[in-house]
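Spelled out from the first residue to the last, the chains are:
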Amino acid sequence: PSMWRNMTMNSTPTGLVEGQELMIKRYDTYTVYELRMPWEVLFGEGYRLDPDKRMRFSALVNDNDDGNRGYVEYMSGIASVKSAGQFGLIEFAK
């Protein structure tokens, strides 16, 4: 599996994303996608998360295993239209 950045709101480059751990686990009737990466991978060197602020976020996983292309999208703003304004807001646990 690989991770691809299509757009960014800062100077972080688009394209293939390095520095992350991505695992796909298949069970009888479902699939689990696990992703782990440092904040710098998303936001660039020197970024520090402010847990008191909410953040806009969306993610999409493409699937083309059997020749029928599909996807799973968490929030909106990636699949049908590229618009960060459609991303959902997430809050961080303290």
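Heads up: the structure comes first, above all this text.
Residues numbered from 1 in each chain as written. Predicted model: local features only at pLDDT ≥ 70, side-chain atom pairs only at ≥ 80, totals over all residues. Heavy atoms only, no water.

Asks: Hey, could you run me through the environment of Asn62 in this one?
Replies: As for its position among the elements, Asn62 is in strand E6 (residues 59-63). C-alpha of Asn62 to C-alpha of Val72: the two residues are ten residues apart in sequence and 6.7 Å apart in space. Leave out the neighbours within four places in its chain, and Asn62 touches Arg69, Gly70 and Tyr71. (Helix = DSSP H or I, 4+ residues; strand = E, 2+ residues; numbered from the N terminus. Contact = heavy atoms within 4.5 Å.)

Asks: Honestly, the packing of aromatic side chains in this entry has me stumped. Any pointers?
Replies: Two descriptors summarise a pair of aromatic rings, namely the distance from one centre to the other and the angle between the planes of the rings. Following the criterion strictly, the structure yields three aromatic pairs and no others. Judged by centre distance (6.3 Å) and plane angle (55 degrees), the ring pair of Phe57 and Tyr74 falls under tilted. Here Phe57 is found in strand E5 (residues 55-57), whereas its partner Tyr74 is found in strand E7 (residues 70-74), with 17 residues between them in sequence. A relative accessible area of 47% places Tyr74 in the partly exposed class. (Phe/Tyr/Trp six-rings, centres within 6.5 Å; stacked < 30°, edge-to-face > 60°. Buried < 20%, exposed > 50% of the residue type's maximum accessible area, 1.4 Å probe, protein only.)

Asks: Got a minute to help me understand the pattern of salt bridges in this structure?
Replies: Pairing between side chains becomes possible if they bear opposite charge and their charged atoms approach one another. Applying the stated rule across the entire model yields four salt bridges. In this structure, the salt-bridge partner of Glu34 is Lys25, at a minimum N-O distance of 3.1 Å. Glu34 sits in the partly exposed class, given a relative accessible area of 34%. In this structure, Arg54 engages Glu91 in a salt bridge whose closest nitrogen and oxygen atoms are separated by 3.8 Å. One end of the pair, Arg54, is in the loop between helix H1 (39-43) and E5; the other, Glu91, is in the segment after strand E8 (88-90), and 37 residues separate them in sequence. A residue is classified by how much of its surface remains accessible, and Arg54, at 52% relative accessible area, is exposed. (Salt bridge = Lys/Arg side-chain N within 4 Å of Asp/Glu carboxyl O.)

Asks: Would you mind going over the side chain of Gln20 with me for this structure?
Replies: For Gln20, the position within the fold is in the loop between strand E2 (15-16) and strand E3 (21-26). Judged by its relative accessible area of 19%, Gln20 falls in the buried class. At 3.4 Å, the side chain of Gln20 and the backbone nitrogen of Leu22 are in polar contact. Setting aside its immediate chain neighbours within four residues, Gln20 contacts Met3, Leu35, Arg36 and Met37. (Polar contact = N/O pair within 3.5 Å; in protein donor to acceptor, adjacent residues only side chain to side chain.)

Asks: What is the right way to read the layout of surface pockets from this model?
Replies: To locate leftover empty space, one rolls a probe as large as a water molecule over the atoms. The calculated volume of the largest pocket comes to roughly 1,700 Å³. As for the largest pocket, its lining consists of 44 residues, and the residues nearest its centre are Met3, Trp4, Ser58, Ala59 and Leu60. Elements that contribute at least two residues to the lining of the largest pocket include exactly strand E1 (4-5), E3, strand E4 (31-36), H1, E5, E6 and E7. Sorting elements by how many residues they give to the lining of the largest pocket places E6 first, with five residues. Among the residues making up the lining of the largest pocket, the classes are represented as 28 nonpolar, six polar and ten charged. (1 Å grid on protein atoms, 1.4 Å probe; cavity = no way out; pocket = protein on both sides within 12 Å on 5 of 7 lines; lining within 4 Å. Points joined across faces, edges and corners; volume = space filled by probe spheres on them. Nonpolar A, V, L, I, M, F, W, Y, C, P; charged D, E, K, R; others polar.)

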